[in-house]
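Fold and geometry: a report
What follows is the residue order along each chain.
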Protein chains: 2
Amino acid sequence: MFANCPFDIIGEPEFVYHGKWLKTRRVRFRKPGTQIEQVWESAHRSTTPETSTTDGVDIIATLHKAGKKYFVLVKQYRIPINGFCLEFPAGLVDSKESIEAAGLRELKEETGYTATKVISCTEGKQGLDPGITDDSIRFLLVEINGDAPENLNPTQKLDDGEMVEVVLVECDKLLEYVKSICKEVHVEAMVYSFAIGYSLRN
Amino acid sequence: MFANCPFDIIGEPEFVYHGKWLKTRRVRFRKPGTQIEQVWESAHRSTTPETSTTDGVDIIATLHKAGKKYFVLVKQYRIPINGFCLEFPAGLVDSKESIEAAGLRELKEETGYTATKVISCTEGKQGLDPGITDDSIRFLLVEINGDAPENLNPTQKLDDGEMVEVVLVECDKLLEYVKSICKEVHVEAMVYSFAIGYSLRN
């Protein structure tokens, strides 16, 4: 490993904690041309499927309903941050499951909605917090016809560890909305940057 | 802590690893109405300043130069992901430093550019990966006049642990660019979602 690393890696990576869901890794390194030994600690999921290159999938869903256009978001309490967080619907990819299948499944489970059309799926892997973890996702973009029979009474199907509230925000009001709630709940960085990007293109 | 938590927390949070940069925490909990005890492991920075509510700042910078408009991004090798990652310029907030001051300092250090105008700064805290860490940032939006004397020869000033390449991408080509490189380098999720948001508003 560390094949293309521009730092000089000292010794072997050491796993200093190996838990049910997370492993903590310690790597010693030097910047080339310096003598100072440094250490980089990071968190890695114990659950990354061998058959997938990414841990999870985030769904960017546009819902068309009664002539209006919404983004579909979810709000849930997150134990790591000790607070509620506004996020895209998302979840881990199961073993042998495609990103697209995982995205459609998680959208249905977390929000009750059935996607009407898959627009696109990103490639590679998108790092969530590359300074401290290799946790990664890919994005699935979908459209939902909210007037279709299967979407008139969306019903969630949550895991035991989940309590998720569905939040529909009119597309044109997304930045305004996240600004209005960002002191009350945490807004996930990728939702906030999406909202900024969406608003900038005026 | 866990004052507004809808889960039943069992016992006290336990720090199972306490390193130089990261701490690993283990929390036992139950979903109300169930008997199943679950565990949530998470990674927390050891360095969060007591004077700041967030760990870091990410800078969304628009550079105007010779009649063209660019976004300023950085590419760097990240030991946790064992690969190169395309990110917004970013850094940790120093003790007693404001988010704005930290953002302007990090922009200058990582890219050599001096911001000409601060557009806005987000409030609250934006979680990077709330499923496994409380690591958080705020966004600073700035404009850079690339034709100004101070920005004609931008010179980085990097820390010992940093090797950072500056990447300028024409604003209208951002999504096209991240799509073209996302299998070769990791694209940070918040950069990718920003690019998707920016492209959607057509």
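The paragraphs below set out a description of the structure included in this document. Values in this document were obtained by computation on a predicted structure and should not be read as measured data.

**So, unusual backbone geometry**
Residue and element names in this part refer to chain A.
- Residues other than glycine seldom take positive phi values, yet Asn 82 does so here, at roughly 55°.
- By the element assignment, Asn 82 lies in the loop between strand 5 (68-78) and strand 6 (83-87).
- Residue classification places Asn 82 among the partly exposed positions, given a relative accessible area of 30%.

**Overview of the packing of helix 3 (residues 189-200) of chain A against helix 3 (residues 189-200) of chain B**
- Their axes nearest at 7 Å, the elements helix 3 of chain A and helix 3 of chain B cross at an angle of 30°. By the angle class used here, helix 3 of chain A and helix 3 of chain B are roughly parallel. Two packed elements cross with a definite hand, and for helix 3 of chain A against helix 3 of chain B that hand is right-handed. Contact residues: Ala 189, Met 190, Ser 193, Phe 194, Ile 196, Gly 197, Tyr 198 and Leu 200 of chain A in helix 3 of chain A; Ala 189, Met 190, Ser 193, Phe 194, Ile 196, Gly 197, Tyr 198 and Leu 200 of chain B in helix 3 of chain B.
- Of the residues that constitute the contact of helix 3 of chain A with helix 3 of chain B, the class distribution is 12 nonpolar, 4 polar and no charged.

**Quick look at the sheet that holds strand 1 (residues 8-18) of chain A**
Residue and element names in this part refer to chain A.
- Within the open sheet, the 3 strands sit side by side as 1-2-3. Their pairing is antiparallel. Of all strands in the sheet, those bounded by a partner on one side alone are strand 1 and strand 3 (38-45). Averaged over all adjacent pairs, the angle separating strand axes in this sheet is 20°, with direction ignored.
- For strand 1 and strand 2 (residues 22-30), the ladder comprises 7 bridges, and the chain directions are antiparallel. If you follow Tyr 17 over to strand 2, its bridge partner there is Thr 24.

**Description of the interface of chain B and chain A**
- At the interface, 84 residues of chain B touch 84 residues of chain A.
- Contact with chain A buries area across many residues of chain B, yet Ile 79, Pro 80 and Arg 201 of chain B alone supply 11% of it, more than any other trio.
- Here chain B and chain A share 2 salt bridges between them.
- Where Lys 183 of chain A meets Glu 123 of chain B, a salt bridge forms, and the shortest distance between an N and an O atom there is 3.5 Å.

**A few points about the relation of the copies chain B and chain A**
- Superposition record for chain B on chain A: RMSD 0.0 Å, screw rotation 180°, translation along axis 0.0 Å. Overall, the copies show the geometry of a two-fold rotation axis.

**Considerations on the side chain of Thr 54 of chain A**
Residue and element names in this part refer to chain A.
- Relative to the helices and strands, Thr 54 resides in the loop between strand 3 and strand 4 (56-65).
- Looking at Thr 54, the relative accessible area reads 0%, which means it is buried.
- Residues within four places of Thr 54 in sequence aside, it is in contact with Pro 49, Val 93, Ile 99, Gly 124, Lys 125, Ser 136, Ile 137 and Arg 138.

**A closer look at the nonpolar core**
- Leu 86, Phe 139 and Val 178 of chain A together with Leu 86, Phe 139 and Val 178 of chain B are the most contacted members of the largest nonpolar core, which has 54 residues in total.
- Ignoring any residue separated from it by four or fewer positions in sequence, one finds Leu 86 of chain B in contact with Leu 73, Val 74, Lys 75, Val 167, Tyr 177, Val 178, Ile 181, Val 185, His 186, Val 187, Glu 188 and Val 191 of chain B.

Conventions adopted
- Residues numbered from 1 in each chain as written.
- Chains lettered and ligands numbered in written order.
- Predicted model: local features only at pLDDT ≥ 70, side-chain atom pairs only at ≥ 80, totals over all residues.
- Heavy atoms only, no water.
- Helix = DSSP H or I, 4+ residues; strand = E, 2+ residues; numbered from the N terminus.
- Buried < 20%, exposed > 50% of the residue type's maximum accessible area, 1.4 Å probe, protein only.
- Axes fitted to C-alpha atoms, helices over the stretch in contact; angles between N-to-C directions.
- Parallel < 35°, antiparallel > 145°, perpendicular 65-115°, else oblique.
- Left-handed = near helix turned anticlockwise from the far one by under 90°.
- Contact = heavy atoms within 4.5 Å.
- Nonpolar A, V, L, I, M, F, W, Y, C, P; charged D, E, K, R; others polar.
- Pairing = 2+ DSSP bridges.
- Buried area = accessible area lost by both parts, 1.4 Å probe.
- Salt bridge = Lys/Arg side-chain N within 4 Å of Asp/Glu carboxyl O.
- Least-squares fit on C-alpha atoms with pLDDT ≥ 70 in both.
- Core = buried A, V, L, I, M, F, W, Y, C linked by side-chain atoms within 4.5 Å.

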